[in-house]
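Secondary and tertiary structure notes
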Amino acid sequence: MTAVTRFPSGGQYVDALQNPRLCFRDPELQTARLQTDALGRPKAISGNFASVFSVTTAAGTRYAIKCFTRNIPDQEKRYRAVSDHLRTLPHRWKIGFDYQPAGIMVAGQSYPILRMEWVEAVSLIRWIEDHLGNRPALFTLARYFAEMADDLAKAGIAHGDLQHGNLLVTPDGALKLVDYDGMYVPSLAGMPATEHGHRHYQSPSRANAAFGPDLDRFSNWLIYLSLVAISADVTLWHTLHEPGGEHLLLTDADFADVSTSTGMAVLMQHHVADVGRLAMQVADLATRPLSALPDLVPLPEISVPAPSKQAPAQTGLPQWMSGHVQQASPPPAVPVPLGEHHQLVQWTRISMLGLGIATALTAVMVAVTGLAASVIAGLGLAFALLTSRAFYTRLPEHKVRRTIADRRHQAHQHSTLAAKRTTSLEKQRDRLQANDTRQAHASSEEMQALRRRQRHELDVFDRTTTERVSQFDAHILSVSAKKREEINDALALLQQQYVIAYLKRFVL
C-alpha cells in the first residue's frame, strides 16, 4: 500500500461515513448504523489526531471507529506490536481493537482505521464529580489505578499519555485504559515516540525522555496523588479543580516551578499527613529526569484524622476562620493564698455558727418573753449581720469574687468583639464566594460561546475546504480526461499514419 502523507479532516470523514456500505472495507461495518447528531449526520468525538465514531452492526455489536487525521510514522507496525503484546495479558483494564490499514475510503483514497471494542463507561473527571464525598469509592478507585500502574510496569510497557480523557470508569467501578497510539511495548524499543502526552500530566523532562517503559512514572504518581487527596478531602476538588478544566488538581504550571505553586503548597501543607507526603514526593519527582523516577508505591490505607470533638464554644469561631482572627485568651485562674484560704474557711464557719445561734436565741426569746424582747433580739441580729458584712468585705473571699467578676466581664467583651469580627468575616466570605460564583458562571458561558464559535468556524472551514478540494478533484478529473482524450487522438493519428505507410509498400 502506498504511504499516505495527508489525511482527511474530521468533516471529510463525516461526509464519507454517511454511506457506510461504500466507505468501509470491512463487511461487518458495511451494514453498521452510525450514531448521529441532531442534524442526522454521523456524530464525531474529535481529538487532536483522530475522530471517533460509534457504530452498531446489523448483529447488534457496537464498536468505536477511530479515523486518523494525522499521519503517524510506522503506525501499522506499532499497532501490530501493541496488539500482539496486549493479547498475552489477562488484565481487565485493556480493550480489544483491530487495526485495518485500508479500512475506509474517502474521496477515492484508502485510509487506515482502528475498530475498537465499545466500553460502557464515563470519563474519570465525570466519575469523580458524580462520587464527590464518597470517600471509600474514591480511595478504591485510587487503589485500582495503582494496580493498573503496577500491571503496566511489570509487563514492561507504558501507555505514553495517561490522563483523565484516556481513563474510563465502568458502572462497577473498574478502570479501562483507552487510546494506545503512543503506547510503548518491548518490541518497539529504539523507535521514537509519536507524542509527548497531555501537558497537565507530564513531567517537565518528558520532552527529552527516550521512548521506553518509564514514560508513565510521573503521571502515575500525579494521578494517584490527586485521587488520594480528593478521597481524603473533597474540598480540594472545589479549591484546585477548575470547572471544565483539562486537569485534576494540578497543572503544568505547578510542575514548572514548584516553589511558587499555590496548588502544590496547599497539598504539601495539608492536614492529612498522607496527602502531604505524597505531594512532597511529586514535587521532588518533578525536578528529576523520567529515567530516575521510581515506580508508584501506593498507600496500604489512608489515615484521615477524625474531626475534633472539642466544644466550639471555647473559641466561638468556625474552623475555617482559625488563624484569621485573634482569639481572646481565657482569663487566668486567680489562686487563693494558702493562709488566706484557711482564714476564709474559718471565718465562714464562725459566721454561719453565729448566725445559727442568733436565730435560735431569737426564736426562744419570742417564745418566752414576748414581742418586745423579740424586737430587741431582731435588732441584735441585724447588727450582727451588718458587722459580718463589713468584716467580710475585708476578707480574701470578697477580693477573689470581685477579681473573677472583672475577668468574666473582660472575657465577655472579648467574646462579643470576636463574634462581631466573625460575623463581618462571614459576610465578606459570602460576598467573595458570590463574586467567584458569578465570575465562574460568566467564564463558563464565555468558554461555551468560544467553543461554539470554534466548532462553527471549524465546520465552515471543513465545508469550505471540502468544496475547494472537490473543485480541485473535479479539475484534476477534467484534466485527466482531456489528457486521455488527447493521447487517444494522437495515438489514432499515429496508427493511421502507420497503416498508410505500411500499405504503400505493397503494389496492387
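An account of the accompanying structure is given in this report. (Residues numbered from 1 in each chain as written. Predicted model: local features only at pLDDT ≥ 70, side-chain atom pairs only at ≥ 80, totals over all residues. Heavy atoms only, no water.)

1. Section: the packing of helix 6 (residues 135-154) against helix 7 (residues 217-232)
With their axes 8 Å apart at the nearest point, helix 6 and helix 7 run at an angle of 165 degrees to one another. Of the possible angle classes, the one that applies to helix 6 and helix 7 is roughly antiparallel. Both helix 6 and helix 7 take part in a crossing whose hand is left-handed. Seen from helix 6, the contacting residues are Arg135, Leu138, Phe139, Leu141, Ala142, Phe145, Ala146 and Ala149; seen from helix 7, they are Ser219, Asn220, Ile223, Tyr224, Leu227, Val228, Ile230, Ser231 and Ala232. Here the residues of the contact of helix 6 with helix 7 are counted per class, giving 13 nonpolar, three polar and one charged. (Axes fitted to C-alpha atoms, helices over the stretch in contact; angles between N-to-C directions. Helix = DSSP H or I, 4+ residues; strand = E, 2+ residues; numbered from the N terminus. Parallel < 35°, antiparallel > 145°, perpendicular 65-115°, else oblique. Left-handed = near helix turned anticlockwise from the far one by under 90°. Contact = heavy atoms within 4.5 Å. Nonpolar A, V, L, I, M, F, W, Y, C, P; charged D, E, K, R; others polar.)

2. Describing unusual backbone geometry
Even without being a glycine, Ala107 presents a positive backbone phi close to 55 degrees. Within the secondary structure layout, Ala107 lies in the loop between strand 5 (97-106) and strand 6 (109-117). Classification of Ala107 as exposed rests on a relative accessible area of 70%. The phi angle at Asp179 is positive, at roughly 65 degrees, despite the residue not being glycine. Mapped onto the secondary structure, Asp179 falls in the loop between strand 9 (175-177) and helix 7. (Buried < 20%, exposed > 50% of the residue type's maximum accessible area, 1.4 Å probe, protein only.)

3. Some details on the pattern of salt bridges
Within this structure, the stated rule accounts for 19 salt bridges. Measuring nitrogen to oxygen at the nearest pair gives 3.4 Å for the salt bridge that ties Glu120 to Arg62. Within this pair, whereas Glu120 is found in the loop between strand 6 and strand 7 (122-123), its partner Arg62 is found in strand 4 (residues 62-68), the two being separated by 58 residues in sequence. By relative accessible area, Glu120 is classed as exposed at 52%. The partner of Asp430 in a salt bridge is Arg429, and the shortest N-O contact between them spans 3.1 Å. The class of Arg429 is partly exposed, set by a relative accessible area of 27%. One salt-bridge network, in which partners are shared between bridges, spans Asp26, Glu28, Asp98 and Arg115. (Salt bridge = Lys/Arg side-chain N within 4 Å of Asp/Glu carboxyl O.)

4. Here we look at a nonpolar patch on the surface
Side chains of Tyr498, Val499, Tyr502, Leu503 and Phe506 sit close together on the surface and give an oily, nonpolar patch of about 550 Å² of accessible area. Here Leu503 shows up in helix 14 (residues 396-503). (Patch = residues over 30% accessible without salt bridge, like charges linked within 9 Å, V, L, I, M, F, W, Y side chains within 5 Å. Areas by Shrake-Rupley, 256 points an atom, 1.4 Å probe, with all protein chains shown as cover.)

5. Here's the deal with the state of the cysteines
Following the criterion strictly, the structure yields zero disulfides and no others. For Cys23, which is in no disulfide, the shortest distance to another cysteine sulfur is to Cys67 and amounts to 8.0 Å. (Disulfide = S-S within 2.5 Å.)

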